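Tertiary structure, described
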Amino acid sequence: MIQEAKTPVKKAGVIGHPIAQSKSPIIHHYWMDKHGIDASYTAHDIASENLEKDVRSLFQEGYLGLNVTVPHKEKIIDLCDDIDGAAKAIGAVNTLLCQDGKVKGFNTDAYGFLKNLEAQCNTENLKDKKTLILGAGGAAKACLYALSQNGFENLTLSNRTKKRAEALQNNFQFEILDWEEKDQNLEDFGLIVNTTSLGMKAQAPLDFCFDDVSKSAVIYDIVYNPLITDFLKRAQQKNLKIVTGIGMLLYQAALSFDIWFGVKPDIDEALQKKVLRP
Ligand code: ATR
């Protein structure tokens, strides 16, 4: 049992290593101001060897909740008294809630992934077509969980390292497409998602040819810096519908905010602009 300190202002924050790049303080402060919530949100750089000790001491100081980011999303599960279904299936926790001395872990990334897709296009039209997921890291797991839980039954995944894709087949149902063939014979695909880190600022672009893609396909990149990646630019040049990644960050944060404060915050243009500012 963790003894909670009595404090009038609610405290939340984010932990990671490094953490200076995190946009979460900007997002949560914006919502606290907008919704009149008397709380603080602070960023904590915690090295792996100090994870348990430092998180427990934050909760002892009275923290109500924490976001968890790289590299702690998997390891933090050991500290949780309970985790939700998404966290269990994905094997990663990105939100902690400390209540009555117990720590509950949640994964809000899958929710963020799906809500962002729903906000930008009609998903009902996509469910009976095939979906291609590029990548097999943590983000791909959140995407696989979100899609398989929401009626997207025909999933195909392609990853540079095929073994990583095969390992995911223990937990999720999908076909594998060789990385060298990822952009071939895609006429039946309604949705193509990049979950790799390719295309991020300072990274190589994702090399993908849209010639074989159906005219009605939706192209989703979860990378949000830059907002319009090279992958999305090429899709736009073919007049394909694109879905940008910033909303995934905002919606996953929104669910964390709701878990801690019981308020569903607004996701508006002003917030998007604030977060995208370099
Ligand atoms: P995350 O948790 O953000 O998903 P990750 O677990 O490091 O991050 O996964 C990164 C993904 O980007 C992986 O699918 C990785 O492919 P590999 O499994 O082959 O490493 C993919 N990726 C990163 N750099 C890549 C590159 N240069 N070419 C192809 N795929 C790349």
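Everything numeric in this text was worked out from a predicted model, so none of it was measured. (Residues numbered from 1 in each chain as written. Predicted model: local features only at pLDDT ≥ 70, side-chain atom pairs only at ≥ 80, totals over all residues. Heavy atoms only, no water.)

1. As for the pattern of salt bridges
Summed over all chains, the structure comprises twelve salt bridges. The residue aspartate 178 makes a salt bridge to lysine 162 at a minimum N-O spacing of 3.1 Å. Here aspartate 178, found in the loop between β9 (175-176) and β10 (189-194), pairs with lysine 162, found in helix α6 (residues 162-168); they are 16 residues apart in sequence, far enough to count as distant. On the basis of relative accessibility, which here comes to 30%, the residue aspartate 178 falls in the partly exposed class. Linking arginine 234 and aspartate 207 is a salt bridge whose minimum nitrogen-to-oxygen distance equals 3.5 Å. Placement of the pair is arginine 234 in helix α7 (residues 230-237) and aspartate 207 in the loop between β10 and β11 (218-221), with a sequence separation of 27 residues. Take arginine 234: its relative accessible area is 28%, and that puts it in the partly exposed class. Among the residues examined, aspartate 207 registers a relative accessible area of 54% and is labelled exposed. A single salt-bridge network, built from bridges that share partners, covers Lys34, Asp266 and Asp268. (Salt bridge = Lys/Arg side-chain N within 4 Å of Asp/Glu carboxyl O. Helix = DSSP H or I, 4+ residues; strand = E, 2+ residues; numbered from the N terminus. Buried < 20%, exposed > 50% of the residue type's maximum accessible area, 1.4 Å probe, protein only.)

2. Regarding the packing of aromatic side chains
Counted according to the given criterion, the structure contains eight aromatic pairs. Consider the rings of phenylalanine 113 and tyrosine 220, whose centres lie 4.7 Å apart with planes at 15°: the pair is stacked. With a gap of 107 residues between them, phenylalanine 113 in helix α4 (residues 109-120) and tyrosine 220 in strand β11 connect regions that are remote in the sequence. On the basis of relative accessibility, which here comes to 0%, the residue phenylalanine 113 falls in the buried class. On the numbers, 5.4 Å between centres and 45° between planes, the contact of phenylalanine 210 with phenylalanine 231 is tilted. Of this pair, phenylalanine 210 sits in the loop between β10 and β11 while phenylalanine 231 sits in helix α7; the two residues are 21 residues apart in sequence, bridging distant segments of the chain. Chaining the aromatic ring pairs together yields one cluster made of Trp31, Tyr41, Phe257, Trp260 and Phe261. For lysine 182, the ring lying beneath its charged end belongs to tryptophan 179, and the centroid distance is 4.3 Å. (Phe/Tyr/Trp six-rings, centres within 6.5 Å; stacked < 30°, edge-to-face > 60°. Lys NZ or Arg CZ within 6 Å of the ring centre and 35° of its normal.)

3. A closer look at the packing of α4 against helix α5 (residues 138-149)
One can describe the packing of α4 onto α5 by two numbers: an axis separation of 8 Å at closest approach and a directional angle of 65°. Classified by chirality, the crossing of α5 by α4 is right-handed. Touching Asp109, Ala110, Phe113, Leu114 and Leu117 of α4 are Ala142, Cys143, Tyr145, Ala146 and Leu147, all from α5. Of the residues contributing to the contact of α4 with α5, the split by class is nine nonpolar, no polar and one charged. (Axes fitted to C-alpha atoms, helices over the stretch in contact; angles between N-to-C directions. Left-handed = near helix turned anticlockwise from the far one by under 90°. Contact = heavy atoms within 4.5 Å. Nonpolar A, V, L, I, M, F, W, Y, C, P; charged D, E, K, R; others polar.)

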